[in-house]
Structure formats: C-alpha cells, structure tokens
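Commentary on secondary and tertiary structure
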Amino acid sequence: MRNLLYIFFLILRILAIIQPGYIHPDEFFQGGQELFFGCPNDISELDRFRDRHRSTIPIISGSSSSNTKYKPLHDADGGPISIYGSEKITATWEFQRENAVRSIVPPSFMTVLPLWAYSKFRQFYSGCNGGNPWNLSGWEILMIPRMFMAFLSIITVDLPMLYIVRKREAWTSNSKIKKGVPIELGIFASSWTTISFLTRPFSNSLETFCISLLCAVAMMDTEVDQFRYQTVLVPLLTGLICSVGLFVRFTFAIFALPIVLTILSRKFVMDSASMHAKLKSGISCIVLIAIPFLMVSSFFVYQDVKFYSTQGDNSGDISSTTTTTTHQLENIWKYMTPWNAFRYNSKIENLSDHGIHPRITHLLVNFPMLFGPAAIYFYMSLSKTIQGEKDSKQHSRMDNMLRGIIVFGLGVLSCAPHQEPRFLLPLVVPLILLHARELFELKSYGNIFMVIWVIFNILLMTFFGIMHQGAVTSSVMSLSNIFQKATVPRGTVIYYNTYMPPTFLLRQHTLNHMTTLQNEIIESSKQNCPDFFIFDAQSSSKTKVLELLSKIFLRCETQYHDSVYLVAPKGLCEELSDEYRCRELWSSFQISTENLPPLKSIQDIAENSRLSVNRIEWVSPVCTSQIAYNPH
C-alpha cells in the first residue's frame, strides 16, 4: 500500500507542473524564464545581447537579459510605477551590473539547459517532420523547466533520502531493514512543499537539492568500515556541493555549516587514534574540501564576471572591458555574487524595500506554514532528552546533525528582519529524516497526525499551487489572443494589484522557416512577442493609476498606444472613475492575499475572487499633444 501511495505522489508531482498558482515572482524573475525569455519591444537591443553572449548561452529563440533596472514612471506625488517594454527587458534588480547579487549559472541551469535540450530534441524531431525547433512558445518556456525541476527533485532528494533512511535502519539495534518505500519518502512526496515548490525553478529549490545531497555525503562518512576511496570522495563531494550551493544562495552556508562540522569532527575526533593522526586526517580533509570548492567557485566567478562585465557592451569578450590584471581582479571581487548578496541582506535599509517582518515570523508562522504538524512535533521534541542507550553512536551523531541544521537555520535566519516562508524550504529534508517515522508511527496519535498531515497539505497545495494569484499567468497568455483579435494588434496593458506579470508567456509559435539560424532566431523574436507596453502598477493608490491612465490617453502618438487594457481583480476597474468605461474581455478565478474580496456573503466572495482583463475606453476622449510624456 505504501509503495502505491508513493507512486501516486510521484505522478502527482509530475502532473503538478501545470498548477496555475503564482507562489512568488522570484520563480519567474530569478529562475531565468523572464531573464532570458522576457518579451522586449526593442528587437535591436535583443539582437545585441544575443550576439554578445552567443558563445556562452545556448542559442534559443527569445534569449534576452536584464541590462537595466526597471525604469520607474514617477507620478506627481513621487510614487514609482514599474514599466516593462520598449528597450527595457523584464528582469529583477539582482541581475543588474551595479548590484550583481545573483549568479547567472543557477538560472541558466534551471531554465536554459532544459530548454536547450528540449530544442535539440525538437530539432531532431523536425528533421523528419518539419517545424522550427528554435521557436519556443511561452507555454513551453513555462513547463519544460518545471518538468526538469520535478525530475531533478527525484534524483537529488528522493534517492539520497532513501539512501540515508536505509543506512539509519541498519544502525538501529534489533531492527531489520523493511522492504518497500520507507515512510520518510512517502511523507516527503506527499508534502505540499515538494509538490508545489520543488517542481518550480526557485533558487530555494536548488538550495534544497544541495542540502539533500550534502546530507547523503555526510551519511557516507559515518560508515564504520569505509573503503579507501570514501575517505577521499567524501571531502571532494563536500567541497563541490558547498561551492554550488553557496552560489545558488548565500544562505546555503547557514544550513550546510552543521553538516560540514559533522564531517570534520569525525576526522579530528577519531577513536583510538593519536593526536598526530587526528591532525593529519583533519587537515587532509580540509585540503580535499578546498580543492573542488575553489575550482567550482572559479567557474561560477568566471561566468558571472563575463555576464556582468559585458552588460552595456556590444562585445562578449571580457578583455574588452578588463584590460589590466588589476582591473580583472577588481571585477572578480565586484561580481562575487555570494558576497554581494550577503552585504545587501545585512543592511536593514535594503531589506525594508522588500518588507520588514517581526523576528519571530519564521518560528511562529513560516515554519508551521511549510511543514504543519511536523514543525509542531519538532518544537515538542526539543524538550525531550536523547536516549543514548537506544541509538548507536552513528545514529546519535546523525540526529544531532539534522537537529543542528534546523535549529541553526531557524535561529540565524530569524535574526534577519525580512522573512519569507520559502527561505526555510531546505529544512524539509532534515525535518522529515528526523521525525517522520516516530511522528506517524506513534501508537496513540500516529493516525491522528496522519489525518492532520493529509488535510494540511491538501489545503496548502490547493491554496498556493492553484488559487493564489492563479489567474495572473493565464491572463498574460490570454493577451496574445486578445491582441490577435484586435483591429490594431498593439497597445498598453496595466497590471494592477497583482504580482509582476511574466512577459515570456506572451510568446507564440511562428510558422515561418528561415534559411539561416541567425535570421531564424531574430525573425522568431520579432514575431513571437506582440507589440505592447506593460505597466506594473503593483498596489499603487487609485489616484496614481488614474494619473497613469490620463498620461496614456493624453499621448497622441499611436505607435505607443493604440488600445489600453487593465488587468486587475474583478470590480476594481469600475471603481476607478466615471471617466472610463470598462469592457471585460476575459476573467478567471483566483485568490489574492494582496487584495482580499469583501467578506459580505459567499456570493460576493465568489464574484470578486476573479482576475479580469478589461479594455479601457475614455468616455470623453481629448487628444493633447502638448502634454509631455516620458516613459523613462
């Protein structure tokens, strides 16, 4: 029965890639989809970027980058409204040259690599059946990285977790290794964090994969009778994984520290060994960790320096911007992304731009929100003492390491004033390994906890995976159809009270066949993205949105604005002003915590829990060319 349940949850994990829920903008704006495939208006800028990075990024239709920060359109009272379109390319501030807090390698791995492999497959397939393999639609750009992450989670979490559980079972006295899928694996597969988070290209998902692999490496090191190669392989793998994890997210170091200390402690505290042997073993381990760490880090630094130093330059050659050794060294330090991220996040004034939370948010809200009854049981277990006589020495060391990951991770991250639930995602591995079995095999309360676990994960997966901002991605894809049916297929779109719209979803397949690869890519880029402007009004006041509308309608040049659309929670369009008439073209159900519907009746909640695309018409149009308008 347990095997069948696990297979069911594996299938559910794969199918969950079609979930419409919009958990957080970082999935698209840090994961690489918007960075490389966001729709620009200025094709020449797109071509220049592609020519610059042709040697480092696989050539796929629509490849683009973040060369500039969002240029805000400042209202009369000083409030910025982000603008996408024209020569601006939709990507977040992290990938700008002046900030450089994110490595370019992780988003390339999560998004460009699977899409490159997929395009190669399509190219092979089209060799027999025709078609343009380089022409990727927004739907493909959305789904292929998700499918890649889903399969990657099985390889990097499920399999290492199975290895760890089997080793722990072998340590337990008077315990036979049970056949079939262990309960830890079933609990992990049924968690909403696995189904909804780890199947998406979040950097937190990659961080979780690295922590899982590092835990498996630490388990290899706890074997009493190690093969000779294991004494070398363990530190080498440790250095490699630590380097990758650190460049994925600098917070990886917080979760990894207890694991690395556990590996080192076994070298320095060996039984029946002289002090000289312990020092020799410990120093050798540190050297073996450092070698792959420095080698892999050098690769990341090289790619980041090449990416950031060529922004704003038409050449892809680093030497064109770094002519001296001193300048090269300055660039290496300037674009050391983990250090830049640490510096940025250590300043409260920077974090205030993203939201300030009470220091207990992780402990009391985010940790229970992610893991439900497992988090509550962990708090309860902290008051218990470890029964040393029940567990072997290896078992106790592994438990202490897993507990240390959770306690240290929660403690350090709780010191930061900006706290989001996904920051704790890597804790899913140690938490389930530590408590899943004892929690769900309790004689008195095991079945109760199981029922609570199932209900909790169904509710959270439904809310975040399906309903939360669930119509935003669908609305972007609907715009392409709306533009195609319009008399003049171009215009201005305002997103209001929603998450940032991912513009890569506007891409559509084209049917043209080009004679050369370069022309094919450029032509696909021109035809895949409609002619549009997208303004992200975020949660601006009604006054600011009205001022934005007036500036748009008062501009006479039709090459900028032919039709105006407002994408907002249902009802907000009619509430703006009597000067504008709203005609609803599309709507879909969603729940937005940023704009909760009025709790008057169930019918009101149902009617207002929708996102709608409206065409805006000015009741009394007046065209005034005297009013200056600058979208920059």
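Residue numbering note: each chain is counted from 1, following its sequence as written. Where totals are concerned, whole chains, interfaces and linings use all residues; where local detail is concerned, this predicted model gives features only for residues with pLDDT of at least 70, and gives and counts side-chain atom pairs only at 80 or more. Computation of side-chain values: all heavy atoms of the structure, hydrogens and water removed.

With that settled, consider the environment of Phe202. Examined against the element boundaries, Phe202 turns out to sit in the loop between α8 (192-197) and α9 (203-221). Using a 1.4 Å probe on the protein chains alone, a residue whose accessible area is under 20% of its type maximum counts as buried, one over 50% counts as exposed, and one in between counts as partly exposed. Given a relative accessible area of 0%, Phe202 falls into the buried group. Each C-alpha atom of the pair Phe202 and Phe29 lies 9.5 Å from the other, and the pair is 173 residues apart in sequence. Note on definitions: a residue-residue contact is assigned when non-hydrogen atoms from the two residues lie within 4.5 Å. In contact with Phe202, other than residues within four places in its own chain, are Ile23, His24, Asp26, Glu27, Met110, Met149, Phe197 and Arg422. Helix numbering and strand numbering both begin at the N terminus, where a helix is a DSSP run of H or I of at least 4 residues and a strand a DSSP run of E of at least 2.

We count a salt bridge whenever a side-chain nitrogen from Lys or Arg sits within 4 Å of a carboxyl oxygen from Asp or Glu. Counted by the stated rule, this structure contains 14 salt bridges. A salt bridge links Arg146 to Glu27; the shortest N-O distance between them is 2.9 Å. A residue pair is termed long-range when its members are at least 10 positions apart, and Arg146 in helix α6 (residues 138-171) and Glu27 in helix α2 (residues 26-29) qualify at 119 residues. Across the pair, exposure class does not vary: Arg146 and Glu27 are buried alike. Glu420 is the partner of Arg422 in a salt bridge, and the nearest nitrogen-oxygen pair spans 2.8 Å.

A few words now on α9. At 3.6 residues per turn, the α-helix brings residues three or four places apart onto the same side. The length a helix should cover is 1.5 Å for every residue beyond the first. Between its first and last C-alpha, α9 extends 27 Å over 19 residues, near the 27 Å set by a 1.5 Å rise per residue. Of all 19 residues in α9, 18 are buried, a share of seventy percent or more.

Attention now moves to a nonpolar patch on the surface. Patch membership requires more than 30% relative accessible area and the absence of a salt bridge. Residues of like charge join within 9 Å; the nonpolar side chains Val, Leu, Ile, Met, Phe, Trp and Tyr join within 5 Å. Surface accessibility in these figures is a Shrake-Rupley result with a 1.4 Å probe; residues are shielded only by whichever protein chains are displayed. A grouping of Phe268, Val269, Met275, Leu279, Ile283, Ile286, Val287, Ile291 and Met295 is seen on the molecular surface, where their side chains present a nonpolar patch of about 860 Å² in accessible area. With seven residues, the single largest contributor to the nonpolar patch is helix α12 (residues 275-309). Among the structural elements, Ile291 can be located in helix α12. Under the relative-accessibility criterion, Ile291 is labelled partly exposed at 42%.

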